[in-house]
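# What the coordinates show
Chain by chain, the residues run as shown.
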Amino acid sequence: MMILHGSPVSTYTAKLRIALHAKGLRFEEREPEGGYRSAAWRERQPTGTIPALEVEGVLLAESEAIVEYLEDAYPAPPLLPGTPLQRAQARFLARFHDLHLEPRARALFPLVRDAARTPAQVQAAAAAVQDKLDLLARLAHPGPFLAGPTLGAADLGMVVSVLLAQRLLGALGSPPALAPPLQAWLAAAQAHPAVVAGLAPWRPATEHWLSTAFVPAATT
């Protein structure tokens with residue numbers, strides 16, 4: 001059985017969890033012993049990142065590489081559409097998430113913990129997220145999923161990061177706006193059984209983190 005090494009609160013672990021459920025695969029999930037920053041984990045996974053997927057004793061790292069492995073090893077049901085051009089478009093949206101949207105959502109974590117944050121800092125972070133969401137609305141044409149009629153590689157991380165951005169910016173008092181097509185996509189994505197199962201550990205872990213990490217901004 002495959003082993004997913006990750007963390008319940010990790011965006012990219014949730015991304016892979018959704019992929020595994022979408023493929024209908026059985027897997028065991030474990031947190032790295034001692035945490036993913038530990039020497040023991042870095043000994044096993046030299047880049048020290050999560051998630052990683054253990055397959056027949058081999059540890060695969062980097063979520064996009066793992067999604068490609070799953071698509072090659074278990075082609076049905078597919079996470080990429082049929083034609084080379086459609087597949088390239090789906091891969092582009094997946095990379096847009098990893099390189100553009102997710103870093104903006106991740107940048108909200110230190111703001112949540114910072115009592116010295118200013119309204120200008122929150123507004124700047126919110127604007128950076130909003131810029132990427134507006135760009136996504138121009139790049140994607142959901143039908144109802146980002147790259148076609150079925151859940152696919154383009155949706156896996158995007159749904160997690162959009163929900164994360166909504167939750168953290170909401171806590172900071174500056175929730176983002178989604179264009180109507182993206183609102184419809186998010187509703188369809190959240191209702192998909194693989195997403196429901198994939199987010200089941202992530203949602204409470206994120207809420208717990210927020211309840212313990214959020215610091216009200218200091219007033220002067």
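Our subject is the structure listed above.
All of these numbers come straight from a predicted model, not from anything done at the bench.

## Focus on the overall build of the chain
Counting its secondary structure elements, the chain contains 10 helices and four strands. Element order for the chain, N to C, with α for helix and β for strand: β-α-β-α-β-β-α-α-α-α-α-α-α-α. For a compact globule of 220 residues, the expected C-alpha radius of gyration is about 17 Å, and the chain comes in at 18 Å, within 12% of that figure. Overall size of the chain, expressed as C-alpha extent along the three principal axes, is 60 × 45 × 25 Å. Counting all 220 residues of the chain, 46% fall into the buried class. For the chain, the proportion of contacts with a sequence separation of at least 24, taken over those separated by at least 6, is 72%. With an accessible surface of roughly 10,600 Å², the chain has 59% of that area assigned to carbon and sulfur atoms.

## Here we look at the packing of helix α4 (residues 84–106) against helix α7 (residues 153–171)
Closest axis-to-axis distance for the α4/α7 pair is 8 Å, and the angle between their directions is 20°. In terms of orientation, α4 lies roughly parallel with respect to α7. Of the two elements, α4 crosses α7, and the hand of that crossing is left-handed. When α4 is examined against α7, the residues A90, L93, A94, F96, H97, L101, E102 and A105 are found in contact with a partner set consisting of A153, A154, G157, M158, S161, V162, L164, A165 and L168. Looking at the contact of α4 with α7 residue by residue, the class counts come to 13 nonpolar, three polar and one charged.

## Digging into the environment of L25
Relative to the assigned elements, L25 resides in the loop between α1 (11–22) and β2 (27–30). Considering only alpha carbons, one finds L25 and Y74, 49 residues apart in sequence, at a separation of 8.9 Å. When residues no more than four places from it in sequence are discounted, the contact partners of L25 are M2, L20, L70 and Y74.

## Topic: the sheet that holds strand β4 (residues 58–61)
Sheet strands line up and pair through hydrogen bonds in the backbone, either parallel or antiparallel. Sheet architecture is open: four strands sit in the order β2-β1-β3-β4, paired in mixed fashion. At either margin of the open sheet sits one strand with a lone partner, and together these are β2 and β4. Averaged over all pairs of adjacent strands, the angle between strand axes in this sheet comes to 25°, irrespective of strand direction. As paired elements, strand β1 (residues 2–5) and strand β3 (residues 52–55) share three bridges and run antiparallel to each other.

## What to know about the packing of α1 against helix α3 (residues 63–73)
Between α1 and α3, the shortest axis-to-axis distance is 10 Å and the interhelical angle comes to 5°. Taken together, the axes of α1 and α3 are roughly parallel relative to one another. Residues Y12, K15, L16, A19 and L20 of α1 pack against S63, E64, I66, V67 and L70 of α3. For the contact of α1 with α3, the class distribution of residues is seven nonpolar, one polar and two charged.

## Quick word on the pattern of salt bridges
As enumerated under the stated definition, the model contains 11 salt bridges in all. E71 is the partner of K23 in a salt bridge, and the nearest nitrogen-oxygen pair spans 2.7 Å. Of the two residues, K23 sits in the loop between α1 and β2 while E71 sits in helix α3, which places them 48 residues apart along the sequence. K23 sits in the buried class, given a relative accessible area of 6%. A salt bridge links K132 to D131; the nearest nitrogen and oxygen atoms lie 3.7 Å apart. For K132, a relative accessible area of 13% gives the class buried. Look at the salt bridges and you will find they share partners, linking K15, E64, R95 and D98 into a network.

Reading the values: the criteria
Residues numbered from 1 in each chain as written. Predicted model: local features only at pLDDT ≥ 70, side-chain atom pairs only at ≥ 80, totals over all residues. Heavy atoms only, no water. Helix = DSSP H or I, 4+ residues; strand = E, 2+ residues; numbered from the N terminus. Rg over C-alpha atoms; globule rule 2.2 N^0.38 Å. Buried < 20%, exposed > 50% of the residue type's maximum accessible area, 1.4 Å probe, protein only. Contact = heavy atoms within 4.5 Å. Areas by Shrake-Rupley, 256 points an atom, 1.4 Å probe, with all protein chains shown as cover. Axes fitted to C-alpha atoms, helices over the stretch in contact; angles between N-to-C directions. Parallel < 35°, antiparallel > 145°, perpendicular 65-115°, else oblique. Left-handed = near helix turned anticlockwise from the far one by under 90°. Nonpolar A, V, L, I, M, F, W, Y, C, P; charged D, E, K, R; others polar. Pairing = 2+ DSSP bridges. Salt bridge = Lys/Arg side-chain N within 4 Å of Asp/Glu carboxyl O.

As far as function goes, none of this settles anything; it's purely spatial.
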